[in-house]
Amino acid sequence: MSTTPEASARALFTELTGAEPAGVWSSPGRVNLIGEHTDYNDGFVFPFAIEHRTFVALGTRADDRIRVASTFDSEVVEVALSDLVFPALRDEVPEWATYPLGVAWALLQGRDAVTTGVDLAIASDVPVGAGLSSSAAIEGAVASALNDTWGLGLDRVALAQIGRTAENEAVGAPTGIMDQMTSMLGRADAAIFLDCRSLDAEVVDLGFAAAGLELLVIDTQVKHSHSTGGYRERRASCELGASTMGVPALRDLTVDDLPRAEELLDDVTFRRVRHVVTEDQRVLDTVRTLREQGPEAIGDLLVASHASMRDDFEISVPELDTAVEAALSAGAVGARMTGGGFGGAAIALVAHDRAEAVRDAVTSAFTASGFHAPHIFTVTPSEGARRDS
Ligand code: ADP
Ligand code: MG
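Criteria and thresholds
Per-chain numbering applies: the sequence of each chain, read as written, is numbered from 1 onward. All chains are assigned letters beginning at A, and all ligands numbers beginning at 1, according to the order in which they are written. Totals for whole chains, interfaces and linings use every residue, but because this is a predicted model, local features are given only for residues with pLDDT of at least 70 and side-chain atom pairs only at 80 or more, for both listing and counting. Note that the side-chain values use all heavy atoms of the structure and ignore hydrogens as well as water. For each domain, the first and last residues come from an automatic or database assignment. Contacts between residues were defined by any pair of non-hydrogen atoms, one from each residue, lying within 4.5 Å. Buried area: the accessible surface (1.4 Å probe) lost by two parts on joining, summed over both. Just to be clear on terms, a salt bridge is a Lys or Arg side-chain nitrogen sitting within 4 Å of an Asp or Glu carboxyl oxygen. Helix and strand assignments follow DSSP, with helices taken as H or I runs no shorter than four residues and strands as E runs no shorter than two, numbered in order from the N terminus. Strands were regarded as paired on the criterion that DSSP finds at least two bridges between them. Helix axes are fitted only over the stretch in contact, all axes being lines through C-alpha atoms; the angle between N-to-C directions runs from 0 to 180 degrees. Remark: nonpolar core denotes a set of buried residues (Ala, Val, Leu, Ile, Met, Phe, Trp, Tyr, Cys) joined through side-chain atoms within 4.5 Å. Type-normalised accessible area, obtained with a 1.4 Å probe on protein chains alone, sets the label of each residue: buried when under 20%, exposed when over 50%, and partly exposed for intermediate values. In this scheme, a helix's expected span is set at 1.5 Å multiplied by one less than its residue total. Taken from the helix axis, the directions to the C-beta atoms give the arc we talk about.

A. Spotlight on the domain arrangement of the protein. Each assigned domain of the protein is listed here: domain 1 (5–204) and domain 2 (207–379). Here the C-alpha centre of domain 2 lies 26 Å away from the C-alpha centre of domain 1. Taken together, the contact between domain 1 and domain 2 spans 40 residues of the former and 49 residues of the latter. Of the roughly 3,500 Å² buried at the junction of domain 1 and domain 2 (both faces included), carbon and sulfur atoms supply 61%. For the pair domain 1 and domain 2, the number of links is 4 salt bridges. The residue Arg291 makes a salt bridge to Glu202 at a minimum N-O spacing of 2.5 Å. The set of elements that each furnish at least two residues to the side of domain 1 that touches domain 2 consists of β1 (23–34), β2 (44–60), α4 (156–171), β6 (190–195) and β7 (201–205).

So, in structure tokens, the structure goes:
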């Protein structure tokens with residue numbers, strides 16, 4: 001019998017403390033259906049939470065220390081709550097520990113009264129670094145567990161903001177808030193239409209199952225990292241584009257502004273801007289199309305999104321392009337890379353009766369290109385952060 005991540009978190013907790021946890025909390029990874037690199041441009045995204053989750057088993061301590069352990073790494077990290085200071089602590093602990101400790105730090109800012117120490121044991125079945133946001137999953141699970149345990153009374157949006165603060169300021173990865181919002185707000189069979197400026201979130205039914213569709217994730221196993229290189233560069237280009245165009249964020253431009261952008265911007269910056277502006281429009285179009293025509297009709301928008309990321313934003317890699325092309329040739333309704341890019345995963349929306357053919361086609365295409373075999377699995381739109389026990 002294979003163990004669940006919930007059971008693993010409980011077992012790790014008991015191994016660590018010799019006791020049962022006071023509770024277990026979890027939060028999911030996510031897949032972004034469409035709206036890539038629009039979040040930090042104050043724009044629109046349309047992600048959903050998946051059934052893969054990160055679990056945190058928690059117990060309180062008699063002292064004022066926080067101890068974290070994860071099945072991800074054998075090292076156990078322990079710090080006094082009063083020494084929980086970021087970014088100072090960033091180089092003192094293993095990188096993975098900056099996520100849970102960063103969340104605790106972000107929650108404690110301005111809350112000196114909290115002195116209850118905690119032990120946290122973490123386990124997950126969210127693939128790490130695959131573009132499915134294992135980072136938001138761990139942040140959401142830890143934030144939920146500590147919010148309840150410390151009686152802070154923060155709502156889900158506030159907890160998403162705590163996760164982002166942890167990731168930006170403790171971990172040092174300059175990400176937007178899409179992942180954390182999705183992990184906190186996800187619902188079964190629905191996606192979250194999120195305005196990243198106002199943080200207004202609307203739950204939109206996907207109806208994949210009713211339409212005989214499923215969503216495949218094709219994890220290329222090419223690892224990406226938010227903390228480095230290309231992601232920062234893209235953000236810088238977007239900031240340059242917005243300031244040159246005289247707007248607070250690229251969200252404030254529409255496709256009608258693109259001719260003027262082409263005149264004012266250098267070629268590379270223009271193409272970065274064009275991706276973001278057209279991607280915002282594609283998110284709006286996808287939400288409308290879903291509501292008016294159903295999920296079979298969104299395929300072309302997914303395909304256009306991929307082309308824009310490949311040609312204008314230049315964040316795809318050959319493995320992702322191959323996955324998308326092979327899936328479409330084998331009859332997928334639509335396909336695109338998802339997540340930050342430079343590796344990670346692609347998604348393909350497929351009819352149930354084509355799913356096997358699409359999997360086979362992608363696997364064969366990877367073999368033919370000499371790529372590492374992809375990991376292909378179906379994801380189901382699922383509920384967000386919760387207390388499990
Ligand atoms: P992604 O969010 O796409 O999976 P990131 O680079 O944003 O990739 O986050 C991955 C990092 O998050 C891991 O390298 C690790 O530091 C941390 N992390 C994710 N899940 C866990 C876990 N279960 N235990 C410990 N650390 C984790
Ligand atoms: Mg992440």
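B. Inspection of the sheet that holds strand β10 (residues 345–351) at higher detail. Read from one edge to the other, the open sheet built from 4 strands follows the order β9-β10-β8-β11, with strand pairing classed as antiparallel. Two strands close off the open sheet at either side, each with one partner strand: β9 (334–338) and β11 (375–379). Within this sheet the neighbouring strands show an average axis-to-axis angle of 25°, counted without direction. As paired elements, β9 and β10 share 5 bridges and run antiparallel to each other. Within β10, the residue paired with Gly334 across the bridge is Leu349. The strands touched by helix α9 (residues 299–311) within the sheet are β9 and β10, with β9 carrying the most contacts at an inclination of about 40°.

C. Inspection of the nonpolar core at higher detail. Residues Ile66, Leu84, Leu101, Leu146 and Trp150 are the most contacted members of the largest nonpolar core, which totals 52 residues. Each residue touching Leu101, except ones within four places of it in the same chain, is listed here: Ile66, Val68, Val77, Val79, Leu84, Phe86 and Val93. Formed by 39 residues, the second largest nonpolar core is a distinct cluster that contains Leu216, Leu320, Met337 and Phe366.

D. Expanded view of helix α6 (residues 229–245). Across its 17 residues, α6 extends 25 Å between first and last C-alpha, which sits within 8% of the 24 Å expected from 1.5 Å per residue. Taken as a whole, α6 has its buried residues at Gly230, Tyr231, Arg234, Arg235, Ser237, Cys238, Gly241, Ala242 and Met245. Buried residues along α6 cover an arc of 160° about the axis, so they all sit on one side. Facing away from the buried side of α6, by more than 90 degrees, are the exposed residues Glu233, Glu239 and Ser243. Contacts from the buried residues of α6 go to α4, α7 (258–264) and α8 (267–293).

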